[in-house]
Amino acid sequence: MRKVKFSPEYQLTFSLLNADPIAFLVDWDINSAVNGTMRQFIKAVSKLYDMKINTQIQYFATLAINPDKTATKDGVAHILRPRHLPHFLNSEWSFGGSPVSTNPPINLVVYIPSRAQSPMYISETNEKSSPLLETNGFLIPQWGGIVIVNPSAGQLVNLETGAKLYTLTASELEAPMQVFLAQIRTLLGVKETKLRGLDSLLPAFDFSYARSAVGITMWELDRLTRLTTLKNLRDAASTLKSLVALIESLENMVILDHIREEVSASLEAIHSVRRTMKEDDKMTSAHDAALQASRIAITSAERAFFDPTMVSLLYFPDEQKLAVYLPLLLPVAVPLLSTLMEEVRKYVKKRREGKVKMD
């Protein structure tokens, strides 16, 4: 599954990884690049997601794998094949998103290979004769996307003179941004929407689907809105069901008032979605209202289920209570039990002596 888990907010982290800053010291005009189609796309889907943008540059981001070498007319090219891609990410690279944000990140990486591994390309298959990908990028499901940008021979400086700062302009970043936009669409579950059966219904007409200037068409946005609403309802109901099962399995669990309020808010939002869609299913405003209610339903349900007071009880069963309190109570209980048994023996002895005297 390629889609990221739904969240009302995402952290878009644009990273520039430079493998060899000694030979190629690079900066980028990422702000101008993002303000193009990417910013328009973020605005178009703002009713679904609140996307925050974060940027970073990392140096000496070397690969842990060795691409295949292929001779070309221009020299030696380094080819990444599909079998290499699962091992592309290096554990030493940091993709933690913003240190002040807990929103799930979508990572978008521009990778600059080292002098020793330039130019670097990606092949479509593992075969040696496989054609190369035009985008020179690939998608990592539920994580993000990567685009490889090769510096030209003129940009690689002489090692004796040292590297000079080179800035990737917005026009040079336009191609990677288009790839990133396609990757974000896939990660969010946006699918191209087309009418079916037009060729048979209207054979005399030639239909073409123009690309949207904002990265998503109205049909695609409407379809994504409906699917997101339904998925939020399903996940909210599943989370509440799991919460009920958890409470029933732990009889001594104490449910605090704020958890009850979250559950009530989630249930009310679920009913609100059903009422809204039942009253007017064909109006766009109804779909938007249902979407917002479904966001409340899933967020309230997850806040209730993952509340710290609830989660802590999962790791504090009755056996653990016994292990904690027994060492405290046992030293007190042993003298009490010993004294009680002694008193019982005295009582029994006195009764026996009284019966003998009577006889």
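Residues numbered from 1 in each chain as written. Predicted model: local features only at pLDDT ≥ 70, side-chain atom pairs only at ≥ 80, totals over all residues. Heavy atoms only, no water.

1. Here we look at the pattern of salt bridges
Applying the stated criterion across every chain yields a total of twelve salt bridges. Asp235 serves as the salt-bridge partner of Lys231, at 2.8 Å between the closest nitrogen and oxygen. In this pair, Lys231 and Asp235 both sit in helix H5 (residues 218-249), four residues apart, roughly one turn of the helix. Owing to a relative accessible area of 22%, Lys231 belongs among the partly exposed residues under this scheme. Where Arg345 meets Glu342, a salt bridge forms, and the shortest distance between an N and an O atom there is 2.4 Å. Of the two residues, Arg345 and Glu342 are both situated in helix H9 (residues 318-358); the distance of three residues between them amounts to about one turn of the helix. Given a relative accessible area of 34%, Glu342 falls into the partly exposed group. Within this structure, Asp68, Arg81 and Arg83 form a network of salt bridges that share partners. (Salt bridge = Lys/Arg side-chain N within 4 Å of Asp/Glu carboxyl O. Helix = DSSP H or I, 4+ residues; strand = E, 2+ residues; numbered from the N terminus. Buried < 20%, exposed > 50% of the residue type's maximum accessible area, 1.4 Å probe, protein only.)

2. Section: the sheet that holds strand E6 (residues 105-112)
The five strands are arranged E3-E1-E6-E9-E8 in an open sheet whose pairing can be described as mixed. Both outer strands of the open sheet, strand E3 (50-59) and strand E8 (137-140), are each paired with one neighbouring strand and no more. If you compare each strand with its neighbour and ignore which way they point, the axes differ by 15° on average. With respect to the sheet, helix H3 (residues 174-188) is in contact with strand E1 (9-18), E3, E6, E8 and strand E9 (144-148), its orientation differing from that of E6 by roughly 150°. (Pairing = 2+ DSSP bridges. Axes fitted to C-alpha atoms, helices over the stretch in contact; angles between N-to-C directions. Contact = heavy atoms within 4.5 Å.)

3. Some remarks on the sheet that holds strand E7 (residues 120-122)
Read from one edge to the other, the open sheet built from three strands follows the order E4-E5-E7, with strand pairing classed as mixed. The open sheet has two free edges, formed respectively by strand E4 (68-72) and E7, since each of these has just one partner strand. The mean angle between the axes of side-by-side strands here comes to 40°, regardless of whether they run parallel or antiparallel. Where E4 lies against strand E5 (residues 75-80), five bridges are found, and the strand directions are antiparallel. Note that in E5 the partner of Asp68 across the bridge is Ile79.

4. Digging into the packing of helix H2 (residues 37-44) against H3
Their axes nearest at 10 Å, the elements H2 and H3 cross at an angle of 20°. Between H2 and H3, the angle is such that the two are roughly parallel. H3 is crossed by H2, and the crossing has right-handed handedness. Seen from H2, the contacting residues are Thr37, Met38 and Phe41; seen from H3, they are Met177, Gln178, Phe180, Leu181, Ile184, Arg185 and Leu188. (Parallel < 35°, antiparallel > 145°, perpendicular 65-115°, else oblique. Left-handed = near helix turned anticlockwise from the far one by under 90°.)

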